Amino acid sequence: MAGRAILTFLPVIGVLGHLDTVPLVAWSSKSSPELNSLSPDLRYEHSVSMVGGILSQDDICSFDAVVVVDQPGLRSSDLHALPTSSALFAILKSAPWSKQYPHVKHSASSSVQEIAESLARRCGSTWTSASPAAGPLDLAENSKHVVCVNMPAMEGSMKSRKAAMLGHDQYLSSELAKINAAFTSHLVLYTGSPLEHQRRQLSPSSEFNSTYTLPDNSTLADAGIFKRYQLFSTPLLVALLVVFFIIVPIIMLAVSALASLQSSVRLDAPKGYSAQEKKIQ
């Protein structure tokens, strides 16, 4: 029973172990020596620094369109959950050049949008911000473009995340198909970023100074306990899972084994024995 609980618990530890990472997928319509020189293993780098490193290559400005897709809360398992028949999978498979980094540390120091805006100024390209709520893209074919696509945040259970990814796949594949048809030379970066509560945890705490003001007590009173305190952190969840799925089953198994023990020594008096006769003698 305890062994089965441990086997059940191992995948959960693997998922929690990558909660602080995001995937980074890059592909382009052409190959280049600078892109080919990227290290195949950059899992210990931050996602923002990796995006900045790719977009700082000398030949990046030679692309007619550079697309940066940012999706808060995106995990590597979300991309793995896409079926092989998805349009995004087909686009990535047919790309002449591609790189995939499944587990890259996320960072709250800066955003990929700021890096993309800097690239647009450096290359003299037209900067465009897009999202599913803003509608389809409309890019002029006679100029270079840097596009930052802000996707909705990924949250919830695995079932809801998979359903959301299928909807996002339709939007992204449709917009990328337009870019592929309009610009024969393009580069696409698809990565994730921390959620809002994760971004607050990653941000370095600022030192107290004279401009610091205490929060309003009325505001704290109106907010719930989950908004004022972080109760369910990753270490706490891991500890609870270890207790309920490993320690508690082991204790229950030990108590059950002790309760089933029976003594083989009988304390009954021998046959024909009389305590009264023994006393008279």
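Everything here concerns the structure above.
Undergrad: Go over a nonpolar patch on the surface, please, and point to the residues and values.
TA: On the surface, a nonpolar cluster with roughly 760 Å² of combined accessible area is contributed by Leu236, Leu237, Leu240, Val243, Phe244, Phe245, Ile247, Ile251 and Val255. Counting through the fold element by element, Leu240 comes out in helix H11 (residues 234-259).

Undergrad: Describe in detail the state of the cysteines, supporting the description with residues and values.
TA: In the structure shown here, the tally under the stated rule is 1 disulfide. With its sulfur 1.9 Å from that of its partner, Cys61 forms a disulfide with Cys123. For the disulfide bridge between Cys61 and Cys123, the dihedral angle about the S-S bond is near -70 degrees, and by the sign convention the bridge is left-handed. Taken together, the residues span a long stretch of sequence, with Cys61 in the loop between helix H3 (47-55) and strand S2 (65-72) and Cys123 in helix H6 (residues 112-123) at a distance of 62 residues.

Undergrad: I'd like to hear about the packing of H3 against H6, residue by residue, with values.
TA: At their nearest, the axes of H3 and H6 sit 9 Å apart, and the two run at 15 degrees to each other. When the axis of H3 is compared with that of H6, the two are roughly parallel. H6 is crossed by H3, and the crossing has right-handed handedness. Only Val112, Ile115, Leu119 and Arg122 of H6 make contact with H3, whose side of the interface consists of Val48, Val51, Gly52 and Leu55. Per-class residue counts for the contact of H3 with H6 are 6 nonpolar, 1 polar and 1 charged.

Undergrad: Kindly report on empty space enclosed by the protein, identifying the contributing residues and their values.
TA: Within the structure shown, the criterion is met by 1 cavity of 30 Å³ or more. Its volume calculated, the largest cavity comes out at about 40 Å³. Every residue lining the largest cavity is listed: Ile60, Cys61, Phe63, Val66, Cys123, Ser125, Lys144, His145 and Val146. Across the lining of the largest cavity, the residue classes tally to 6 nonpolar, 2 polar and 1 charged.

Undergrad: Summarise the nonpolar core; cite the residues concerned and give the values.
TA: If you look at the biggest cluster of nonpolar residues, it comprises 25 residues, and the most contacted ones within it are Trp27, Val67, Val149, Ile179 and Tyr190. Those elements giving two or more residues to this core turn out to be strand S1 (21-28), S2, helix H5 (87-94), strand S5 (145-150), helix H7 (158-182) and strand S6 (186-193). The dominant element in this core, judged by the number of residues it contributes, is H7, at 5 residues. With residues near it in sequence (within four places) discarded, Trp27 still touches Leu88, Ile91, Leu92, Ala95, Trp97, Ser98, Leu176, His186, Leu187, Val188 and Tyr190.

Undergrad: So what's going on with the packing of aromatic side chains? Residues and values would help.
TA: Taken as a whole and assessed by the stated rule, the structure comprises 0 aromatic pairs. One residue, Lys30, lies across the ring of Phe63, its end atom 4.9 Å from the ring centre.

Thresholds, definitions, all that
Residues numbered from 1 in each chain as written. Predicted model: local features only at pLDDT ≥ 70, side-chain atom pairs only at ≥ 80, totals over all residues. Heavy atoms only, no water. Patch = residues over 30% accessible without salt bridge, like charges linked within 9 Å, V, L, I, M, F, W, Y side chains within 5 Å. Areas by Shrake-Rupley, 256 points an atom, 1.4 Å probe, with all protein chains shown as cover. Salt bridge = Lys/Arg side-chain N within 4 Å of Asp/Glu carboxyl O. Helix = DSSP H or I, 4+ residues; strand = E, 2+ residues; numbered from the N terminus. Disulfide = S-S within 2.5 Å. Axes fitted to C-alpha atoms, helices over the stretch in contact; angles between N-to-C directions. Parallel < 35°, antiparallel > 145°, perpendicular 65-115°, else oblique. Left-handed = near helix turned anticlockwise from the far one by under 90°. Contact = heavy atoms within 4.5 Å. Nonpolar A, V, L, I, M, F, W, Y, C, P; charged D, E, K, R; others polar. 1 Å grid on protein atoms, 1.4 Å probe; cavity = no way out; pocket = protein on both sides within 12 Å on 5 of 7 lines; lining within 4 Å. Points joined across faces, edges and corners; volume = space filled by probe spheres on them. Core = buried A, V, L, I, M, F, W, Y, C linked by side-chain atoms within 4.5 Å. Buried < 20%, exposed > 50% of the residue type's maximum accessible area, 1.4 Å probe, protein only. Phe/Tyr/Trp six-rings, centres within 6.5 Å; stacked < 30°, edge-to-face > 60°. Lys NZ or Arg CZ within 6 Å of the ring centre and 35° of its normal.

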